[in-house]
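Architecture and fold: a report
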Amino acid sequence: MTHTRRHFLTTGLALGTTIHSLRADSNSPMSKPLIVSTWPFGKPGNDKALETLNNKGSLLDAVEQGIRLVESDEKNRSVGISGLPNAAGVVQQDSCIMSGPGHDAGSVAAIEGILHPISAARRVMEKTPHVMLVGDGARHFAIKEGLESVEVNSREFHEKWHKKQAEPAPTKLPKDNHDTVALLVLDAEGNIAGGCSTSGWGGKLPGRVGDSPIIGSGLYVDNEVGAAGATGLGENMMRYCASFMVVEYMRQGLHPEEACLKTIERIAATDPKSAEDLHLNFVALDKKGRFGAAGTGSGFQYSVTTPDSSRVLTGANFTDKDIGPEGGNTK
Ligand code: GLY
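Since the structure is predicted, the reported quantities are computational estimates derived from the model, not experimental observations. (Residues numbered from 1 in each chain as written. Predicted model: local features only at pLDDT ≥ 70, side-chain atom pairs only at ≥ 80, totals over all residues. Heavy atoms only, no water.)

Among the residues of helix α6 (residues 135-144), those classed as buried are Gly-135, Ala-138, Arg-139, Phe-141 and Ala-142. Down the axis of α6, the sector holding all buried residues measures 165 degrees, keeping them to one side. Opposite the buried face of α6, at more than 90 degrees from it, the exposed residues are Asp-136, His-140 and Lys-144. Once α6 finishes, Gly-146 follows within two positions and takes phi at roughly 85 degrees, a positive value. (Buried < 20%, exposed > 50% of the residue type's maximum accessible area, 1.4 Å probe, protein only. Helix = DSSP H or I, 4+ residues; strand = E, 2+ residues; numbered from the N terminus. Arc of directions from axis to C-beta.)

In structure tokens form, the structure reads like this:
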């Protein structure tokens, strides 16, 4: 029995027929557009992305508008300007966007006081010859582009955002300190794009950049194959080009859920940390309209939206038990 099948049976047994029908669903092409994002807080973003497409917005408009909605949620403490601050008490956000057609990408990292980093990332992609801007340069570029900003040293900023952040910052991942919105879109023409956005790890060192703005780590799109996005502990994604790896496994023919599991398996087989301590979670979709997700814990939920339905589902759960005694996989 392959480990993926065992996972499926395990989660299927735990969650009854829902998972059975989910897997059956995701094995057959879904109706398009198909939008997949991380966590339940991605679902309103998915709905916004679908609405954007229905209103004749472009594929990139759908990604941008979907993520902007999540960034706007003042209750969200891990995405947007209301996210967790770094060790100096400042929110530094990371974001990227990638377009399958043309294989373009843009990103911003450690950007301060910008309400919609995803829009800044899109403008880096579309209006500069660069892929990534960081820190003050990214902030100045976003302001020059007319994006909404707050003066980071202003009284308003401190009263509105720092007061909120004075609540104790959770330090543990992933349950109370998650995390990134990664949102993937397959449109009716079969083109793929994605984006992600996060305030990153609460209490991080100032200047720390996570996986989310790093193309291939927090997000990767290949228009001929599919797309993957990550949420969890960025340091452990970045050391393995994790989202790129998921897409490469799909290129080899794996179902998106299997590709997510195989990536976790490969990282866990190499890394000295236990799978549970790696905090890796992935969502993926492929060109055929199949989707899947997996994480190194039981609690990874993700959102899937098509013209027929918009749902929160539970990703497959990878555990150390799935790696053989010699560190090899159990296939
Ligand atoms: N995955 C988000 C971060 O580590 O910053």
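Read on for the rest.
This paragraph deals with the site of the ligand. The immediate surroundings of the ligand are formed by Asp-179, Thr-180, Gly-200, Trp-201, Arg-208, Gly-210, Asp-211, Ser-212, Gly-232, Leu-233 and Gly-234. One of the side-chain N or O atoms of Thr-180 is found 3.2 Å from a nitrogen atom in the ligand. Here Gly-232 contributes a backbone N or O atom positioned 2.9 Å from a nitrogen atom of the ligand. Against a free-state accessible area of 200 Å², the protein chains account for coverage of 99% of the ligand. (Near = heavy atom within 4 Å. Polar contact = N/O pair within 3.5 Å; in protein donor to acceptor, adjacent residues only side chain to side chain. Areas by Shrake-Rupley, 256 points an atom, 1.4 Å probe, with all protein chains shown as cover.)

Okay, the sheet that holds strand β9 (residues 280-286) next. Hydrogen bonds between backbone groups are what pair the strands of a sheet, and the pairing can be parallel or antiparallel. A sheet is described by the order of its strands in space; here five strands give the open sequence β7-β8-β9-β10-β13, paired in mixed fashion. Single-partner strands in this sheet number two, and they are β7 (219-222) and β13 (316-317). Pairing of β7 with strand β8 (residues 226-232) involves four bridges; the strand directions are antiparallel. Opposite Val-221, over in β8, you have Ala-227 as the bridge partner. (Pairing = 2+ DSSP bridges.)

Residues of the chain with pLDDT of at least 70 account for 80%, and the chain-wide mean is 86. Contacts for the low-pLDDT stretch residues 168-176, under 50 throughout, to residues beyond four places or in other chains number 14 contacts. (pLDDT = per-residue confidence, 0-100. Contact = heavy atoms within 4.5 Å.)

By the element assignment, Gly-232 lies in strand β8. For Gly-232, a relative accessible area of 10% gives the class buried. For the pair formed by Gly-232 and Gly-295, sequence separation is 63 residues and the distance between their alpha carbons is 8.9 Å. Excluding residues that lie within four positions of it along the chain, Gly-232 makes contacts with Asp-179, Met-237, His-279 and Asn-281.

A separate point is the pattern of salt bridges. Overall, the coordinates contain 15 salt bridges when judged by the stated rule. Asp-222 is paired through a salt bridge with Arg-251; the nearest N and O atoms lie 2.6 Å apart. Separated by 29 residues along the polypeptide, Asp-222 in strand β7 and Arg-251 in helix α9 (residues 242-251) bring together distant segments of the chain. A relative accessible area of 12% means that Asp-222 is categorised as buried. Where Asp-271 meets Arg-239, a salt bridge forms, and the shortest distance between an N and an O atom there is 2.9 Å. Taken together, the residues Asp-271 in the loop between α10 (256-270) and α11 (275-278) and Arg-239 in the loop between α8 (234-238) and α9 connect sequence positions 32 residues apart. Sharing partners across several salt bridges, the network here consists of Asp-61, Glu-64, Arg-122, Arg-123, Glu-126, Lys-127 and Glu-145. (Salt bridge = Lys/Arg side-chain N within 4 Å of Asp/Glu carboxyl O.)

With mixed pairing, the eight strands of this open sheet are ordered in space as β4-β3-β2-β6-β5-β1-β11-β12. Two strands lie at the open edges of the sheet, namely β4 (132-134) and β12 (310-314), each paired on one side alone. On average, adjacent strands in this sheet sit at an angle of 10 degrees to one another, irrespective of strand direction. The sheet contact formed by strand β2 (residues 93-99) and strand β3 (residues 104-111) spans six bridges and is antiparallel. Counterpart to Met-98 in the pairing with β3 is Ala-105. (Axes fitted to C-alpha atoms, helices over the stretch in contact; angles between N-to-C directions.)

We now examine the packing of α9 against α10. Two numbers describe how α9 lies on α10: the axes approach to 8 Å, and their chain directions differ by 130 degrees. Between α9 and α10, the angle falls in the class oblique. Seen from above, α9 lies across α10 with right-handed handedness. On the side of α9, the interface is formed by Ala-242, Met-245, Val-246, Tyr-249 and Met-250, while α10 contributes Pro-256, Ala-259, Cys-260, Lys-262, Thr-263, Arg-266 and Ile-267. Split into classes, the residues belonging to the contact of α9 with α10 amount to nine nonpolar, one polar and two charged. (Parallel < 35°, antiparallel > 145°, perpendicular 65-115°, else oblique. Left-handed = near helix turned anticlockwise from the far one by under 90°. Nonpolar A, V, L, I, M, F, W, Y, C, P; charged D, E, K, R; others polar.)

What follows deals with a nonpolar patch on the surface. Residues Val-131, Met-132 and Val-134 make up a contiguous nonpolar surface patch of roughly 230 Å² in combined accessible area. Within the secondary structure, Met-132 sits in strand β4. For Met-132, a relative accessible area of 31% corresponds to the partly exposed category. (Patch = residues over 30% accessible without salt bridge, like charges linked within 9 Å, V, L, I, M, F, W, Y side chains within 5 Å.)

The next thing to look at is the packing of aromatic side chains. In total, this model carries four aromatic pairs according to the counting rule given. When the ring of Trp-39 is compared with that of Phe-300, the centres are 5.0 Å apart and the planes differ by 85 degrees; the resulting orientation is edge-to-face. In this pair, Trp-39 sits in the loop between β1 (34-38) and α3 (43-54) while Phe-300 sits in the loop between β10 (291-295) and β11 (301-305), placing the two residues 261 residues apart along the sequence. With a centroid separation of 6.4 Å and 20 degrees between ring planes, the pair formed by Phe-300 and Tyr-302 is classed as stacked. Per residue, the accessibility class of Phe-300 equals that of Tyr-302, and both read buried. One aromatic cluster in this structure is built from Trp-39, Phe-291, Phe-300 and Tyr-302. (Phe/Tyr/Trp six-rings, centres within 6.5 Å; stacked < 30°, edge-to-face > 60°.)

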